[in-house]
Amino acid sequence: MLKEFMDPKFFVEELEEVNRKLVKGAEILTGIPDVDVEPTPKELVFEEDKMRLYHYLPGERLTCPTPILICYALVNRQYMMDLQSDRSLIRNLLGQGLDIYIIDWGYPDHGDRYVTLEDYIDVYLDDCVDYVRERTGCEKINLLGVCQGGTFTVIYAALYPEKIRNLITMVTPVDFHTTDGLLNVWSQHMNIDNMVDTMGIIPGEFMNVGFLMLKPFQLMVDKYVGLMDNLDDPATVANFVRMEKWIFDSPAQAGEAYRKFLKDLYQENKLVKGELEIGDRRVDLKRITMPLLNIYATEDHLVPPASSIPLNDLVGSEDKTLYGFPGGHIGIYVSSRSQKELAPKVSEWLIERCPKGRDGNQVCGETAAGSGRGAGPGSGKAAKRSGKAGAGGAGKPAAKRPAKKATGKK
Amino acid sequence: MQESGAAWSDLWRTWQRMQAEAYRGWMDMWLRAWGRPGGSEGAGAPGVSDTPGDLYRQWAEFTRELMERFAAPAQGVGPETFAKMFQSADVYANLYAMWAGLYERYRKAVGEGGDLDVKALGGLLEEWAEEYRELVRKVFAPALPEQLQWIAELYSGEIPLMAAGLMAKIWAPWYEYAREAAAKMTGLDKPSPEAAVGLYEGWRKAYEESFGRLLRAPAMGYYREAAEKLVQAVDSLNEFNLVLAEFYASLQGAGSKGLERLQERLASMQEEGKGGPMSFRDLYRLWWQTNEDIYIELFRTEEFSRLLGSLVDRGMQFRRAFQAYVEEITKELPFPNRSEMDHLYKTVDRLKRDVRALKKELAALKAEGGGE
């Protein structure tokens with residue numbers, strides 16, 4: 001029996017509360033300005049096609065000179081890591097004294113339908129890595145990959161291990177043949193070729209339908225009912241709107257890259273089998289020998305732990321850490337627990353592995369031992385370029401960057 | 001003068017009588033048509049018109065009578081003229097009566113108790129064709145010169161029968177489907193996805209055997225390409241809708257199951273003594289969480305995964321077919337279509353790769369040569 005039917009007083013009280021919240025909520029919603037995201041200051045330092053590389057303005061102290069390059073997924077936007085000032089993994093990492101760069105993949109349109117997975121890894125990501133190496137003078141940099149971006153960094157680290165000092169993966173799918181995730185199950189019966197050939201690029205809205213179906217009632221009903229409960233709290237409403245903006249700020253997927261990612265990884269699980277080829281090179285995860293910190297979310301419904309955890313057994317690294325964060329795929333960045341635990345965990349892990357010079361101070365690499373920053377591959381050229389880039393003239397890295405081995409890649 | 005006055009008086013009386021009779025005749029006609037005031041003779045009563053056709057006949061009869069009263073004694077004008085006029089109008093009345101009769105028989109054939117007999121309907125069409133033939137023979141043929149009488153024969157013989165047969169063939173699967181669907185619906189205790197899928201499968205079968213055949217028939221003429229592409233788009237939309245129906249049926253099934261599970265949970269709480277009063281909020285929470293569980297159970301199944309894959313695939317097929325049609329009909333407009341843009345994108349993509357490779361080679365050469 002429902003309380004409301006048994007006790008009219010209870011019913012009236014409920015009704016009154018709901019009405020009060022609705023009125024207050026309407027007042028808040030109509031008065032709320034457009035929400036701001038990405039509050040942490042950063043500068044554009046490099047761009048190529050639609051991809052942009054940003055450098056976060058560092059804090060006063062630098063605990064490890066080796067920079068971190070963050071590679072986010074193509075799905076949704078990288079500002080999830082810097083959603084608002086009190087929920088920002090980026091801000092927390094900067095606060096720990098780290099030097100951070102982040103890739104913004106932009107919004108692919110129909111002109112990008114032929115952009116391949118090779119382009120993302122061998123060109124855009126590699127150019128960013130080279131740019132950061134040259135700019136900072138570090139022979140090797142730290143690479144942090146998130147979700148699909150984590151898969152990119154795993155592939156990249158296997159192809160270019162000589163450029164990566166430490167690899168950090170967060171909620172990264174590696175073994176795609178787990179049945180724990182609905183995306184893994186559904187993708188098995190998708191005619192990817194037909195999708196890509198027909199649509200050219202895969203619209204973000206199309207992807208979002210799939211994501212919403214993962215938790216239909218929670219994401220399409222209860223989330224909004226829950227908002228009703230807090231509609232009279234301006235801070236909660238603003239946070240909600242900010243998250244809503246992120247969730248539906250969904251770039252399209254470049255067709256050819258999507259085709260390969262879905263077919264080779266989701267459907268055929270080639271990365272785990274050692275059969276994935278990028279260009280004409282096979283991706284051998286055993287070539288990943290640098291220290292690895294693999295972070296997964298225990299309640300992740302998008303990338304289930306069973307998809308992330310196997311990475312530690314597949315790489316050649318001796319120094320590898322597996323860290324299960326209690327939370328979900330999004331909570332790992334925005335939950336209050338994440339603010340307290342995750343950034344310290346990452347920075348602590350990195351600082352421990354930051355090379356030290358003869359004087360015991362941390363430097364950016366072995367080639368720089370005793371000489372500190374600036375003795376890396378760019379020999380100071382990057383520093384000159386950085387000023388130029390910071391002024392808005394973001395351009396390609398120097399032509400003299402470490403040459404890639406000649407391949408048959410496009 | 002007196003004579004003239006008497007004549008005028010007679011004329012006037014005659015005119016008044018004629019007016020009165022005409023008015024009475026008019027009123028009688030309407031009374032016969034609609035029944036008498038007070039409802040003593042309603043529609044369907046003997047002597048009262050059943051159809052607008054009857055009404056028309058009564059009106060025509062009345063008018064003829066009326067004109068007879070007004071008619072001048074001269075031969076060849078007056079009643080005869082009107083009789084000829086109305087004779088020609090009878091053609092329409094006869095046609096109307098034939099269609100009305102056909103409709104009435106059809107209504108009886110399909111309407112009584114929901115029973116639908118395709119064979120009976122076929123017989124009905126033949127009967128109608130016979131009537132049609134008779135009508136043409138009687139009404140139209142006499143109007144044609146002798147040398148052209150064969151035309152009336154031709155169009156009252158095989159052709160209407162063939163047309164009727166073709167129509168019967170097209171409609172027959174739908175009658176069959178309607179009967180099956182009605183039987184399935186009445187035999188259902190509650191809606192189930194299987195039943196819904198069965199209904200949609202029946203629909204598909206009827207479609208395939210009727211309009212599907214028409215749509216897939218080869219197009220001809222100036223708009224052949226566009227027509228064919230349109231047909232393909234419509235066809236693929238139908239294919240998509242069929243899977244969509246199955247998809248919705250699947251979701252609906254989960255919804256019904258969710259409701260059952262919710263009832264079970266509530267009953268179980270009651271039995272365990274936890275069935276105390278709960279708030280709307282508690283009930284809502286139990287509702288959505290129960291449903292979430294059920295839907296995710298469904299989503300995890302291989303069947304659903306295949307169905308989803310099939311839905312997306314059919315959706316893509318429709319999108320592609322529709323795109324082809326749009327491109328076909330807009331090809332003369334002064335803007336590039338998607339295929340043309342894709343071709344350009346491909347070219348630009350190839351050029352970008354070439355430039356990138358050349359830059360790399362140039363840089364390597366410069367590095368080897370020690371130049372900047």
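Residues numbered from 1 in each chain as written. Chains lettered and ligands numbered in written order. Predicted model: local features only at pLDDT ≥ 70, side-chain atom pairs only at ≥ 80, totals over all residues.

1. A word on the overall build of chain A
Now for step 1: A count of helices and strands for chain A gives 17 helices and twelve strands.
Now for step 2: Among the 410 residues that make up chain A, the fraction classed as buried is 46%.
Now for step 3: A separation threshold of at least 6 residues defines the contact pool for chain A, and within that pool the share at least 24 residues apart is 78%. (Helix = DSSP H or I, 4+ residues; strand = E, 2+ residues; numbered from the N terminus. Buried ≥ 20, exposed ≤ 12 C-beta atoms within 10 Å, placed from the backbone. Contact = placed C-beta atoms within 7 Å.)

2. Quick look at the interface of chain A and chain B
Now for step 1: At the junction of the two partners, chain A supplies 32 residues and chain B supplies 31 residues.
Now for step 2: Elements supplying a minimum of two residues to the side of chain A that touches chain B: α1 (3–6), α6 (182–187), α7 (192–199) and α9 (216–229) of chain A.
Now for step 3: Looking at the side of chain A that touches chain B element by element, the count peaks at five residues for α9 of chain A.
Now for step 4: Counted by class, the side of chain A that touches chain B contains 15 nonpolar, nine polar and eight charged residues. (Nonpolar A, V, L, I, M, F, W, Y, C, P; charged D, E, K, R; others polar.)

3. Remarks on the nonpolar core
Now for step 1: Leu69, Ile70, Ile100, Cys128 and Ala157 of chain A are the most contacted members of the largest nonpolar core, which totals 114 residues.
Now for step 2: With ten residues, the single largest contributor to this core is helix α4 (residues 117–136) of chain A.
Now for step 3: Grouped together as the second largest cluster of nonpolar side chains are seven residues, Leu230, Phe240, Ala324 and Tyr325 of chain B included. (Core = buried A, V, L, I, M, F, W, Y, C linked by C-beta atoms within 7 Å.)

4. Digging into the pairing of strand β11 (residues 292–297) of chain A
All names here are of chain A.
Now for step 1: Extensive coverage of β11 is indicated by the burial of six of its six residues.
Now for step 2: Burial of the side chains of β11 extends over both faces: Leu292, Asn294 and Tyr296 are buried on one face and Leu293, Ile295 and Ala297 on the other.
Now for step 3: Of the strand pairs in this sheet, strand β8 (residues 164–170) and β11 are connected by four bridges, and their pairing is parallel. Directly across from threonine 169, in β11, lies its bridge partner asparagine 294.
Now for step 4: When β11 meets strand β12 (residues 320–325), the two strands line up parallel, connected through six bridges. Bridging across to β12, tyrosine 296 finds its partner in glycine 324. (Pairing = 2+ DSSP bridges.)

5. Things to note about the sheet that holds β11 of chain A
All names here are of chain A.
Now for step 1: Read across the sheet, eight strands follow the order β1-β2-β6-β3-β7-β8-β11-β12 without closing on themselves; strand pairing throughout is mixed. For this open sheet the edge positions go to β1 (42–48) and β12, each flanked by a neighbour on one side alone. Strand-to-strand, the axes of this sheet are offset by a mean angle of 20°, without reference to chain direction.
Now for step 2: Relative to strand β6 (residues 100–104), strand β3 (residues 68–71) is paired through three bridges, and the arrangement is parallel. (Axes fitted to C-alpha atoms, helices over the stretch in contact; angles between N-to-C directions.)

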